[in-house]
Amino acid sequence: MDSQQKPLLVAGATGYIGGRLIPLLLAQGYRVRALARDPLKLRDRPGMEHPQLEIVQADLLDPVSLHNACNGCRAVYYLVHSMNPASRDFAHSDRQAASNMVTAAAATGIERIIYLSGLGEEGENLSAHLRSRTEVGAILTAGQVPVTVFRAAMIIGSGSASFEILRYLVERLPVMITPRWVDTPNQPIGIRNVLHYLVACLECPETIGETFDIGQEEVLTYRQLMTLFAEEAGLRRRWIIPVPVLTPRLSSYWIHLVTPVPAALARPLAEGLRNEVVCHDTRIRSLLPQELLDCRTAISLALDRSHEQQIASSWRDAGSTPPVEWATPDDPAWAGGTCFNDTRQILVTASPEEVWGVITRMGGTNGWFYANWLWQVRGFIDRLIGGIGLQRGRRSADELFPGDALDFWRVGRIEKPRLLQLVAEMKLPGQAALEFRLEPAANNATRLQLRALFLPQGVAGILYWYAVAPFHHLVFNGMLRGIAKQLRADILQGPDKLPNAKG
């Protein structure tokens, strides 16, 4: 096969950058092989049925599956890195994954690797996250396969974790008490400029084996970025007061409370903010010329996408969809344990397709059909104890796909238009899921079941179930009535609690 006809392997296909890069590569006529630990997160998304796209299941920490994924490919986009300091060995995992990629790429005849890294000068003050990304670059470039490294600072774009932190801090806090890093110089870059470099370098031999700093032309402080954001968002002037006592750890907890970004992700980002991240090598601008968006324009474009709730990819959707084998109705005593369930149903004068269209729009700014204040209280409590809370919202206002984040749930299974399964990611003494099951009935009516499932962990889990069970009648019946109201449909029967429901 001609080298130009070989597919391009995208490692990190379900991530923020990978989710936007794949459609661009396909639009340019390239064959693409998308690597994912959980292929279901990709298969149902728009554009994923493209004839030039192949989705493969593989894990960078599994050498055999990685070798199979690399086999027959022309080049690899390496867009994988860990940002989970809760895992003590995240740097070790990053190093192992990079080493496995080096071995697999050499063994399968990969021509080049393209790696998106982070800006930051090496030294004792470099954050653990940026140090890990630098180590990954060193491991990749030490291998036999030539590597192109792009080093970027803050990426401005809808769905970017850094942009989300900036957005929520500025929108929600007219007065901000900030750490000293608010005056750290940095050189951001718009997401569309990053994507242009990643695609254009494929046909530029001069980029092979080289490392480039990428950023727009301005060097700004985070204080200046916040001011720009407030102006573009039409907000009043924000008062920013830096103080020396706020450590990166304290900053991450504050970010966790005020923004949708959890502390586990906020901490490495906050630690990295203390490092000056500016471009010292601008050769890439002459090799791959493009119009670099200034920060104001990049912020304006990102705000437009965010307000429209039409975000192509987001940090929210990173991570595997948790398995819920215990929720299978045919095996209620899964693993010998007790699986509680509370199932309620309603019969409405609407088709399954009409009901499906309503339930797949719930969550985020659309709310939960009933007693939204109770959901907000539950989310606030979850946030206080270190959970995700409701602030994460949803990527799109109208569509749901497997693996999507939905407030403190994640979409598990989707069988349109008959089953929507949500898996809880809140802090719980056990595992929880919420299912919506639709069955067609006579006269174009639909029987809608709402099923809450809970697999308790120890005595605390059992006590938790019985503590919240009294609220189910109020909230779940209210939700079912709220769905009927959204449909403007008549209720023919229910809501009723099924007698086989335990709890």
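As a starting point, this report considers the structure included with it. Predicted, not measured: the structure shown is a model, and the values here were computed from it. (Residues numbered from 1 in each chain as written. Predicted model: local features only at pLDDT ≥ 70, side-chain atom pairs only at ≥ 80, totals over all residues. Heavy atoms only, no water.)

## A few points about the sheet that holds strand S5 (residues 112–118)
And then number 1: The parallel open sheet is built from seven strands, whose spatial order is S3-S2-S1-S4-S5-S6-S11. What marks the edges here is a single partner per strand, and that holds for strand S3 (53–57) and strand S11 (211–214). When the angles between neighbouring strand axes are averaged without regard to direction, this sheet yields 20°.
And then number 2: Note that strand S4 (residues 75–78) and S5 share four bridges and pair parallel. Within S5, the residue paired with Ala75 across the bridge is Arg112. (Pairing = 2+ DSSP bridges. Helix = DSSP H or I, 4+ residues; strand = E, 2+ residues; numbered from the N terminus. Axes fitted to C-alpha atoms, helices over the stretch in contact; angles between N-to-C directions.)

## Topic: unusual backbone geometry
And then number 1: At the junction of Lys416 and Pro417, the peptide bond is cis and its omega measures out at -5° in the coordinates.
And then number 2: Relative to the helices and strands, Pro417 resides in the loop between strand S16 (409–415) and strand S17 (419–424).
And then number 3: Here Arg488, not a glycine, exhibits a phi torsion of approximately 55°, which is positive.
And then number 4: The residue Arg488 is located in the loop between helix H15 (458–487) and strand S20 (491–497) in this model.
And then number 5: On the basis of relative accessible area, Arg488 is assigned to the exposed category, the value being 80%. (Buried < 20%, exposed > 50% of the residue type's maximum accessible area, 1.4 Å probe, protein only.)

## Examining the sheet that holds S16
And then number 1: The strand order across the open sheet built from seven strands is S15-S16-S17-S18-S19-S14-S20, with neighbouring strands paired in antiparallel fashion. The sheet terminates laterally at strand S15 (405–406) and S20, the two strands that pair on one side only.
And then number 2: Relative to strand S18 (residues 430–441), S17 runs antiparallel, the two being bridged by five bridges. Bridge pairing in S18 links Val423 to Ala433.
And then number 3: Together, strand S14 (340–348), S18, strand S19 (445–456) and S20 form the strand contacts of H15, whose direction differs from that of S14 by roughly 10°. (Contact = heavy atoms within 4.5 Å.)

## What to know about the packing of helix H3 (residues 63–70) against helix H4 (residues 90–107)
And then number 1: In the contact formed by H3 and H4, the axes pass within 9 Å of each other and the chain directions differ by 45°. The pairing of H3 with H4 is recorded here as oblique in orientation. Every pair of crossing elements has a handedness; the one defined by H3 and H4 is right-handed. Residue-level contacts link Pro63, Leu66, His67 and Cys70 of H3 to Asn100, Met101, Ala104 and Ala107 of H4.
And then number 2: For the contact of H3 with H4, the residue count by class is six nonpolar, two polar and no charged. (Parallel < 35°, antiparallel > 145°, perpendicular 65-115°, else oblique. Left-handed = near helix turned anticlockwise from the far one by under 90°. Nonpolar A, V, L, I, M, F, W, Y, C, P; charged D, E, K, R; others polar.)

## Notes on the layout of surface pockets
And then number 1: Quantified by volume, the second largest pocket comes out at close to 580 Å³.
And then number 2: Taken together, the residues of the lining of the second largest pocket sort by class into 20 nonpolar, one polar and one charged. (1 Å grid on protein atoms, 1.4 Å probe; cavity = no way out; pocket = protein on both sides within 12 Å on 5 of 7 lines; lining within 4 Å. Points joined across faces, edges and corners; volume = space filled by probe spheres on them.)

## Focus on the pattern of salt bridges
And then number 1: This model, assessed by the stated rule, comprises 16 salt bridges.
And then number 2: A salt bridge links Arg283 to Glu210; the nearest nitrogen and oxygen atoms lie 3.3 Å apart. Placement of Arg283 in the loop between helix H10 (263–272) and helix H11 (284–287) and of Glu210 in the loop between helix H7 (191–200) and S11 is noted, with a sequence separation of 73 residues between them.
And then number 3: Exposure remark for Arg283: the relative accessible area of 35% places this residue in the partly exposed category.
And then number 4: For the salt bridge of Arg451 with Glu435, the shortest nitrogen-to-oxygen distance reads 3.0 Å. Of this pair, Arg451 sits in strand S19 while Glu435 sits in strand S18; the two residues are 16 residues apart in sequence, bridging distant segments of the chain. Accessibility assignment for this pair places Arg451 and Glu435 in one class, buried.
And then number 5: Counted as one network, the salt bridges with shared partners bring together Glu210, Asp281 and Arg283. (Salt bridge = Lys/Arg side-chain N within 4 Å of Asp/Glu carboxyl O.)

## With respect to the packing of aromatic side chains
And then number 1: Evaluated as defined, the whole model comprises eleven aromatic pairs.
And then number 2: Judged by centre distance (4.5 Å) and plane angle (15°), the ring pair of Trp368 and Trp375 falls under stacked.
And then number 3: Relative accessible area serves as the criterion here: at 2%, Trp368 is assigned to the buried category.
And then number 4: Of the residues examined, Trp375 reaches a relative accessible area of 10% and is grouped as buried. (Phe/Tyr/Trp six-rings, centres within 6.5 Å; stacked < 30°, edge-to-face > 60°.)

## What to know about the side chain of Gln345
And then number 1: Mapping Gln345 onto the fold places it in strand S14.
And then number 2: What makes Gln345 buried here is its relative accessible area of 11%.
And then number 3: At a separation of 3.2 Å, a polar atom in the side chain of Gln345 contacts the side chain of Gln449.
And then number 4: Excluding its chain neighbours within four sequence positions, the residues that come into contact with Gln345 are Arg447, Leu448, Gln449, Leu480, Gln493, Gly494, Pro495, Asp496 and Leu498. (Polar contact = N/O pair within 3.5 Å; in protein donor to acceptor, adjacent residues only side chain to side chain.)

Shape is all these values report; function is a separate question.
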